[in-house]
Protein chains: 2
Amino acid sequence: MIKRPLARTPFLFTAAALLGTSTIAFSAIAASPDPATLREAALQDDTAWDILEGITTEVGQRLAATPAEARAREWAVAELKRQGFANVHVETFTMPVWQRGEETAEIVAPFPQKLAVAALGNSSGTPAGGLTAEVAAFDGLDALVKAPASAVAGKIVFVNHHMAAQQDGGSYGEIGAIRRTGPSIASQKGALAIVIRSIGTDHHRVPHTGVQTWVNGAKAIPAAALSVPDAEQLARVLERGKPVTLHLSIGAGMAGTGTSGNVIAEVPGRDPKAGIVLVGGHLDSWDLATGTIDDASGLAIVTAAAKRIMAAGKPRRTIRIVWFGAEEPGGFGGDAYAKAHAGEKHVLVGESDSGADRVWKVDFTAADPKAPLADRIALALAPLGITRGSARAHGGTDVGPIAQVTGAPVIDLHQDATRYFDIHHTADDTLDKVDPAQLRQNVAAWTAMLAIAAEDAEQLAPVAPAPER
Amino acid sequence: MIKRPLARTPFLFTAAALLGTSTIAFSAIAASPDPATLREAALQDDTAWDILEGITTEVGQRLAATPAEARAREWAVAELKRQGFANVHVETFTMPVWQRGEETAEIVAPFPQKLAVAALGNSSGTPAGGLTAEVAAFDGLDALVKAPASAVAGKIVFVNHHMAAQQDGGSYGEIGAIRRTGPSIASQKGALAIVIRSIGTDHHRVPHTGVQTWVNGAKAIPAAALSVPDAEQLARVLERGKPVTLHLSIGAGMAGTGTSGNVIAEVPGRDPKAGIVLVGGHLDSWDLATGTIDDASGLAIVTAAAKRIMAAGKPRRTIRIVWFGAEEPGGFGGDAYAKAHAGEKHVLVGESDSGADRVWKVDFTAADPKAPLADRIALALAPLGITRGSARAHGGTDVGPIAQVTGAPVIDLHQDATRYFDIHHTADDTLDKVDPAQLRQNVAAWTAMLAIAAEDAEQLAPVAPAPER
């Protein structure tokens with residue numbers, strides 16, 4: 001909605017020039033860059049916008065393990081080298097590929113009309129010509145769970161819900177279970193197909209896709225999401241009390257094995273024994289849009305922050321940036337990274353993967369989350385309007401696995417998710433949704449955090465590693 | 001965005017009961033219903049919502065001269081009879097039919113990606129398999145007009161613009177010329193096809209369709225709109241300075257002759273010589289959505305208002321409600337009505353066709369727009385937050401023709417159009433966009449107007465009729 005200002009502030013160039021000079025000074029004396037100064041300068045930095053605009057314009061959608069994601073990796077390597085990072089390389093892995101096809105849905109009776117629909121990840125296709133069946137409707141996942149198979153078998157299941165926006169995005173956890181597990185439950189009860197109300201909080205005709213996995217031996221069936229207005233329309237039609245028949249045509253399906261990969265770059269540290277601060281986001285996106293808030297913005301934020309630290313002088317610890325591949329279909333990139341790098345010393349890990357709106361809260365996971373280092377980080381974030389939470393940081397799909405296997409401390413810089421699920425996984429995830437000022441606030445937060453975490457002599461104590469997943 | 005409150009106010013039922021009693025009293029004494037009382041009661045009336053919810057749910061899209069519009073006429077006749085109106089009937093007419101087909105657009109080079117596209121009315125189709133050509137881009141209509149044919153011939157024209165929301169919807173007039181005349185100009189210069197930035201003010205992946213007509217002998221070519229985010233994306237790609245190639249596949253085209261019709265109902269007046277107050281909206285919609293704000297809401301508003309007058313006692317003048325057919329493809333219903341009813345005495349005409357947001361301004365066209373009757377109407381509207389404008393009312397596509405041929409005075413109850421062109425002609429024109437409170441304010445405004453215009457002994461003086469179109 002908010003457009004980038006036409007003119008950039010001249011301060012950007014001034015700051016860059018000053019920092020250029022400072023680089024030499026810092027390198028010479030190995031002094032800690034001042035986090036407050038770096039934070040304030042980052043508020044004027046458009047590097048994140050330029051990365052975001054670049055990848056979303058020049059690559060577009062980046063569905064995992066497809067040629068589009070491969071083009072994104074090429075773009076990423078070139079960009080990270082151009083920005084001056086060290087050790088830029090790709091670590092590939094193979095995985096099953098799912099692809100979308102043509103997809104349509106319509107009410108056949110009692111009131112014929114088309115509905116906007118999008119298949120969910122790992123959905124099977126319908127038979128050629130589609131399938132037509134009566135709708136069995138459920139308000140929420142519990143109702144589907146409790147339904148006897150006789151109420152579901154041979155029908156198209158429809159699951160409605162009442163998700164509302166929350167700043168911490170918490171409703172996605174509870175309501176999102178409809179998408180994650182609803183299809184398997186419907187399949188096991190003999191449903192021909194399932195359509196869910198999109199896991200989203202908007203009112204636009206843009207269905208929200210997302211991954212679901214077939215569990216407990218459930219047979220793959222067509223599984224799709226209706227846009228929120230279409231789900232509301234179907235609910236109104238159902239309220240008339242007459243049997244409702246849907247026709248569904250879904251061309252999606254599995255397409256063999258493909259290659260994905262993590263793109264890695266570093267700001268090398270002064271002390272090889274001081275360990276690695278890992279920051280990341282994910283390079284892949286869903287195929288319906290340009291994956292701007294999910295998650296090109298995350299890549300852009302952490303990369304711009306690391307660049308500011310690099311420009312300010314060599315930090316004590318290595319900062320490793322990972323643009324993870326194949327997050328959306330199930331965290332393949334995070335798992336591959338954890339497997340490949342479990343033996344390395346990660347002193348702190350964090351990812352940015354909740355859009356581009358401002359950071360409002362910071363949480364830590366460490367043996368002592370009240371350590372002075374955590375206090376210093378929280379203090380440096382406070383001028384950005386960020387307060388300290390009381391939850392255990394989890395780090396998300398990308399850095400979660402490495403944290404789990406190594407016990408590495410985790411930091412969560414929580415972004416305001418109030419409007420995130422308006423856009424998440426829809427055709428609407430495009431550049432116009434990003435507010436450049438909030439994007440810069442994110443860069444400032446990650447810059448301040450890195451200025452301390454990569455430089456401070458103290459480090460957070462690791463927690464006990466969990467068994468490898 | 002705004003949902004209807006779950007519980008209706010009990011006042012509705014109280015008011016209806018009271019008015020039931022009043023009907024007898026008014027009929028007996030032929031007294032003027034008090035406009036203020038009727039206006040305030042209308043603010044509690046959900047009749048408009050029920051009509052709106054009914055037709056958009058039970059019929060859905062209603063493209064002109066198609067079976068869907070015919071179903072809508074059946075629905076309309078049943079509903080208007082159920083509401084108790086007199087002389088409910090359909091006046092049919094024939095017209096050319098245009099229909100949409102499959103439609104896709106994609107950037108082939110330099111950055112391959114799909115774009116969201118919708119054909120414009122009267123667009124031709126592309127050859128089977130689509131067409132691929134270089135883009136010739138223009139910022140605004142003037143740039144296209146001034147371009148030499150050599151810059152356009154053999155290419156796909158893209159016209160960008162910078163439309164912003166305005167309360168009076170005025171930007172649609174100027175910027176909308178790109179849609180109305182751009183295709184003919186491009187065709188005459190030898191373009192293979194044209195894609196325009198949607199004539200809209202939103203940032204969603206829902207292109208805005210709308211009619212355009214081939215003029216000055218221009219050959220029909222594929223003509224389509226990109227969604228605003230896609231047009232911005234294409235502009236960013238073009239800014240890179242490399243040649244940009246598009247592939248366009250449009251299945252639209254003309255489909256012979258079909259039947260449309262106007263659905264007419266009346267509140268008969270006490271005095272057959274006192275003339276007709278005509279109020280209307282249009283029954284047809286574009287095919288991409290359920291035509292909620294364009295224009296089921298208009299039908300619902302004027303019908304609910306007429307019903308309130310009917311329930312309050314027989315007015316002096318006949319109130320005629322017309323649900324016009326085939327407005328979108330070029331005002332066929334308005335023209336047919338004017339032709340059939342030019343000989344009848346229309347004392348005031350008005351239509352509601354700018355959504356469902358609140359009325360903010362009233363304008364008149366009459367020989368003496370400052371007549372006491374106009375003052376009384378404006379005074380009755382003032383408590384609803386409506387002020388008096390200084391423009392000449394035009395009445396729109398539906399009632400414009402009858403006003404033109406008869407010289408009938410026109411009233412415009414202008415709706416707030418600030419968010420109208422976010423939704424107009426897109427897949428997003430669905431029920432969730434309507435705010436029930438603002439819908440009721442519209443009903444109250446039309447009720448107050450009708451209470452005076454259909455009852456007052458005075459009438460506005462007609463203007464000189466224009467020659468028939």
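The rules we used
- Residue numbers here run from 1 along each chain, matching the order of that chain's written sequence.
- Chain A is the first chain written and ligand 1 is the first ligand written, with later ones labelled in order.
- Confidence filtering applies because this is a predicted model: local features only for residues at pLDDT of at least 70, side-chain atom pairs given and counted only at 80 or more, and all residues used for totals across whole chains, interfaces and linings.
- Counting from the N terminus, the helices are DSSP H or I runs at least four residues long and the strands are E runs at least two residues long.
- Our radius of gyration looks at C-alpha atoms and nothing else; its globule reference is 2.2 Å times the residue count to the power 0.38.
- Here exposure depends only on C-beta density: within 10 Å of a residue's C-beta, 20 or more other C-beta atoms make it buried, 12 or fewer make it exposed, and intermediate numbers make it partly exposed, the C-beta atoms being placed from the backbone.
- A strand pair is defined by DSSP finding two or more bridges across the two strands.
- Here an angle of 0 to 180 degrees is reported between the N-to-C directions of two axes, which are lines fitted to C-alpha atoms, with helices fitted over the stretch in contact.
- What counts as a contact here is a pair of residues whose C-beta atoms, placed from the backbone, lie within 7 Å.
- Side-chain classes follow a simple rule in which Ala, Val, Leu, Ile, Met, Phe, Trp, Tyr, Cys and Pro form the nonpolar group, Asp, Glu, Lys and Arg form the charged group, and the remainder, Gly included, forms the polar group.
- Copy-to-copy alignment: least squares on C-alpha atoms, limited to residues at pLDDT 70 or above in both.
- Throughout, the edges of the domains are those of an automatic or database domain assignment.
- Throughout this description, any angle smaller than 35 degrees is read as roughly parallel, any larger than 145 degrees as roughly antiparallel, any in the 65 to 115 degree range as roughly perpendicular, and the remainder as oblique.
- Two helices that cross are described as forming a left-handed crossing if the nearer one is turned anticlockwise from the farther one by less than a right angle, and a right-handed crossing if clockwise.
- A residue's pLDDT is the confidence the predictor assigns to it, expressed on a 0 to 100 scale.

Caption draft 1: Inspection of the overall build of chain A at higher detail. Assigned secondary structure in chain A consists of 14 helices and 16 strands. Expected size for 469 residues packed as a compact globule is a radius of gyration near 23 Å; at 23 Å, chain A falls within 12% of this value. Its C-alpha atoms give chain A principal-axis dimensions of roughly 80 × 50 × 40 Å. Relative to its full complement of 469 residues, chain A shows a buried share of 58%.

Caption draft 2: Quick peek at the sheet that holds strand β4 (residues 117-119) of chain A. All names here are of chain A. Taken in spatial order, the 8 strands of this open sheet run β3-β2-β9-β5-β6-β7-β8-β4, and their pairing is mixed. Single-partner strands in this sheet number two, and they are β3 (113-115) and β4. Taken pair by pair, the neighbouring strands of this sheet meet at an average axis angle of 35°, ignoring direction. Bridge count for β4 against strand β8 (residues 223-226) is 3 bridges, and the pairing is antiparallel. Bridge pairing in β8 places Ala 118 opposite Ala 225. Sheet strands touched by helix α7 (residues 177-188): β6 (156-160), β7 (193-197) and β8. Its angle to β7, the strand with the most contacts, is close to 155°.

Caption draft 3: Up close: the interface of chain A and chain B. Between chain A and chain B, the residue contacts involve 23 residues of the former and 23 residues of the latter. Take the side of chain A that touches chain B: its biggest share by element is 5 residues, from helix α8 (residues 228-239) of chain A. Each residue belonging to the side of chain A that touches chain B can be placed in one class, and the counts come to 9 nonpolar, 8 polar and 6 charged.

Caption draft 4: Seen up close, the relation of the copies chain A and chain B. When chain A is fitted onto chain B, the two copies agree to an RMSD of 0.0 Å after a turn of 180° and an axial shift of 0.0 Å. Between the two chains, the operation in question is that of a two-fold axis. Taken as a fraction of all interface residues of chain A, those also at the interface in chain B reach 100%, which identifies the copy contact as same-surface.

Caption draft 5: View of helix α10 (residues 332-341) of chain A. Residues and elements named next belong to chain A. Among the 10 residues that make up α10, 8 are buried, leaving the element largely enclosed by the rest of the structure. Every buried residue of α10 is accounted for by Phe 332, Gly 333, Gly 334, Asp 335, Ala 336, Tyr 337, Ala 338 and His 341. In this structure, the buried side of α10 is in contact with β1 (86-99), β10 (253-267), β11 (276-282), β12 (318-324) and α12 (396-406).

Caption draft 6: Representation of the domain arrangement of chain A in the model. All names here are of chain A. Here the domain parsing of chain A yields domain 1 (11-97 + 257-453) and domain 2 (101-251). Spacing between the C-alpha centres of domain 1 and domain 2 amounts to 34 Å. On the domain 2 side, the residues contacting the 20 residues of domain 1 number 19 residues. Counting residues per element, the side of domain 1 that touches domain 2 draws most heavily on helix α13 (residues 420-423), which supplies 3 residues.

Caption draft 7: Geometry of the sheet that holds strand β7 (residues 193-197) of chain B. Residue and element names in this part refer to chain B. The sheet built from 8 strands is open, its strands ordered β3-β2-β9-β5-β6-β7-β8-β4 with mixed pairing. Either end of the sheet is taken by a strand with one partner, and the two such strands are β3 (113-115) and β4 (117-119). Neighbour to neighbour, the strand axes of the sheet diverge by 35° on average, direction disregarded. Strands β6 (156-160), β7 and β8 (223-226) of the sheet are contacted by helix α7 (residues 177-188), whose axis makes an angle of about 155° with β7.

Caption draft 8: Focus on the packing of helix α9 (residues 292-311) of chain B against helix α14 (residues 436-453) of chain B. Residue and element names in this part refer to chain B. With their axes 8 Å apart at the nearest point, α9 and α14 run at an angle of 50° to one another. Taken together, the axes of α9 and α14 lie oblique to each other. For the crossing formed where α9 meets α14, the hand is right-handed. Between α9 and α14, the residues in contact are Ser 297, Ile 301, Val 302, Ala 304, Ala 305, Ala 306, Arg 308 and Ile 309 and Leu 439, Asn 442, Val 443, Trp 446, Thr 447, Leu 450 and Ala 451, respectively. Among the residues making up the contact of α9 with α14, the classes are represented as 11 nonpolar, 3 polar and 1 charged.

Caption draft 9: Spatial organisation of the pairing of strand β2 (residues 103-109) of chain A. Residue and element names in this part refer to chain A. Relative to strand β9 (residues 245-250), β2 runs antiparallel, the two sharing 6 bridges. Bridging from a neighbouring strand, Glu 106 pairs with His 247 of β9. Bridge count between β2 and β3: 3 bridges; the pairing is antiparallel. Across the sheet, Glu 106 pairs through a bridge with Lys 114, a residue of β3. Taking the residues between adjacent antiparallel strands as the criterion, β2 and β3 are bridged by 3 residues.

Caption draft 10: Here's a closer look at the pairing of strand β12 (residues 318-324) of chain B. All names here are of chain B. Of all 7 residues in β12, 7 are buried; the element is thus mostly enclosed. Every second residue of β12 is oriented toward a common face, with Thr 318, Arg 320, Val 322 and Phe 324 on one face and Ile 319, Ile 321 and Trp 323 on the other, all of them buried. By the bridge criterion, 5 bridges tie strand β10 (residues 253-267) to β12 in an arrangement that is antiparallel. Within β12, the residue paired with Ala 265 across the bridge is Ile 321.

Caption draft 11: Focus on the environment of A:Leu283. One can find A:Leu283 in the loop between β11 and α9 (292-311). Considering only alpha carbons, one finds A:Leu283 and A:Val322, 39 residues apart in sequence, at a separation of 9.0 Å.

Caption draft 12: Main features of the confidence of the model for chain A. Residue and element names in this part refer to chain A. Within chain A, residue pLDDT values average 93, and 92% of them lie at 70 or more. Across residues 1-30, confidence stays below pLDDT 50; counting only partners more than four residues off in sequence or on other chains, it has 29 contacts. In the predicted complex, the global pTM is 0.92; the interface-specific ipTM is 0.91.

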